[in-house]
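Residues per chain, in single letters:
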Amino acid sequence: MFSTIAYQLSTKFAEEGKCPCVERRVGMSKKPAAQPTLHKVIMVGSGGVGKSALTLQFMYDEFVEDYEPTKADSYRKKVVLDGEEVQIDILDTAGQEDYAAIRDNYFRSGEGFLCVFSITEPESFDATQEFREQILRVKNDDNIPFLLVGNKSDLADKRRVPLETCRERAHNWQVPYVETSAKTRDNVDKVFFDLMREIRSRKSDDSRATNGEGGKGKKSKKFKCVIL
Ligand SMILES: Nc1nc2c(ncn2[C@@H]2O[C@H](COP(=O)(O)OP(=O)(O)O)[C@@H](O)[C@H]2O)c(=O)[nH]1
Ligand SMILES: [Mg+2]
């Protein structure tokens, strides 16, 4: 709960530029440097699939085998995305999502989702269906940046979810499917960077739509209702 509040506060502060330390820095310089664009990513999936291991591998280049399973946390890192410095904010969820109100708050704050399962555990693959539905319901947006991620690809001999089944689900959802290994680091950067690219392209579509320049905009159910 504390980390939820801390996350919400830190995000709110960062968005509004109201963090006391930011204010002090701004106060000293007449022309504050522009903050890099922030992309907000949420890790979702059943317990034990490797959400924390993927997050920590991406953040710190190490494989953490025994991260506290009930601990949700948020991380922020500056990265260079196709030549542009941006910040990625990762919320690593951990079971508190069973409480609908907490889960909905988490999901609402996300701009893109890595929906993770383990290729060794069919139940975790089945669970992705429910995560997808919950995200679409909360975001009210069928076109939300989203990747289906089959983790633990290093355990090929223990594979229990056929590759074709994974690809088929991603195809039905019209999202990319990528297999990762938090252990060997295979495709770890790829999933975070691909998702940031989707978020970035989505933001530029939205701003073009707002400026009346067309663009894809939201495939949202919201736009199906026209009030005259
Ligand atoms: N072999 C292998 N083990 C992994 C991988 N990712 C996570 N694990 C292990 O799976 C267990 C659960 O990982 P964790 O990141 O805590 O899962 P979470 O509950 O989804 O955050 C831990 O013992 C990890 O060491 C992976 O890619 N390969
Ligand atoms: Mg975890």
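Per an unreviewed UniProt entry, the protein chain is named small monomeric GTPase, and its organism is Bombyx mori. In its Subcellular location (unreviewed entry) section, the UniProt entry covering the protein chain states "Cell membrane". What the UniProt record of the protein chain gives under Sequence similarities (unreviewed entry) is the line "Belongs to the small GTPase superfamily. Ras family."

Asker: Break down the pattern of salt bridges for me, citing the residues and quoting the values.
Answerer: Inspection of every chain in the model, using the stated rule, returns 16 salt bridges. Across the salt bridge formed by Arg197 and Asp82, the nearest N and O atoms sit 2.9 Å from each other. In this pair, Arg197 is assigned in helix H7 (residues 188-210) and Asp82 in the loop between strand E2 (73-81) and strand E3 (84-92), connecting sequence segments 115 residues apart. Between Asp104 and Arg137 there is a salt bridge, with its nearest N and O atoms 3.7 Å apart. With Asp104 in helix H4 (residues 100-109) and Arg137 in helix H5 (residues 122-139), this residue pair connects regions lying 33 residues apart in the sequence. Take Asp104: its relative accessible area is 14%, and that puts it in the buried class. Linked through salt bridges whose partners overlap, the residues forming this network are Asp82, Lys190, Asp194, Arg197 and Arg200.

Asker: A description of the packing of helix H3 (residues 51-60) against H7 should follow, citing residues and the corresponding values.
Answerer: Direction vectors running N to C along H3 and H7 enclose 90°, while the axes themselves pass 9 Å from each other. Comparing their axes, H7 and H3 come out roughly perpendicular. Residues Leu54, Thr55, Gln57 and Phe58 of H3 form the contact with H7, whose participating residues are Val188, Asp189, Phe192 and Phe193.

Asker: So what about the packing of aromatic side chains? Which residues, and what values?
Answerer: One pass over the structure, following the stated rule, counts seven aromatic pairs. The interplanar angle of 70° and the centroid separation of 6.1 Å between the aromatic rings of Phe58 and Phe193 together place this pair among those described as edge-to-face. Of this pair, Phe58 sits in helix H3 while Phe193 is found in helix H7, placing the two residues 135 residues apart along the sequence. Relative accessible area serves as the criterion here: at 17%, Phe193 is assigned to the buried category. An angle of 70° between the planes, with centres 6.4 Å apart, marks the rings of Tyr60 and Tyr75 as edge-to-face. Placement of Tyr60 in helix H3 and of Tyr75 in strand E2 is noted, with a sequence separation of 15 residues between them. By relative accessible area, which is 10% here, Tyr75 ends up buried. Members of the aromatic cluster, each reached through a chain of ring pairs, are Phe58, Phe192 and Phe193. Against the face of Phe58 rests Lys77, its NZ or CZ located 4.8 Å from the ring centre. Seen from the ring of Phe146, Arg132 lies directly overhead, with NZ or CZ sitting 4.6 Å from the centre.

Definitions and cut-offs
Residues numbered from 1 in each chain as written. Chains lettered and ligands numbered in written order. Predicted model: local features only at pLDDT ≥ 70, side-chain atom pairs only at ≥ 80, totals over all residues. Heavy atoms only, no water. UniProt positions renumbered as here; feature names shortened; annotations may be inferred. Salt bridge = Lys/Arg side-chain N within 4 Å of Asp/Glu carboxyl O. Helix = DSSP H or I, 4+ residues; strand = E, 2+ residues; numbered from the N terminus. Buried < 20%, exposed > 50% of the residue type's maximum accessible area, 1.4 Å probe, protein only. Axes fitted to C-alpha atoms, helices over the stretch in contact; angles between N-to-C directions. Parallel < 35°, antiparallel > 145°, perpendicular 65-115°, else oblique. Contact = heavy atoms within 4.5 Å. Phe/Tyr/Trp six-rings, centres within 6.5 Å; stacked < 30°, edge-to-face > 60°. Lys NZ or Arg CZ within 6 Å of the ring centre and 35° of its normal.

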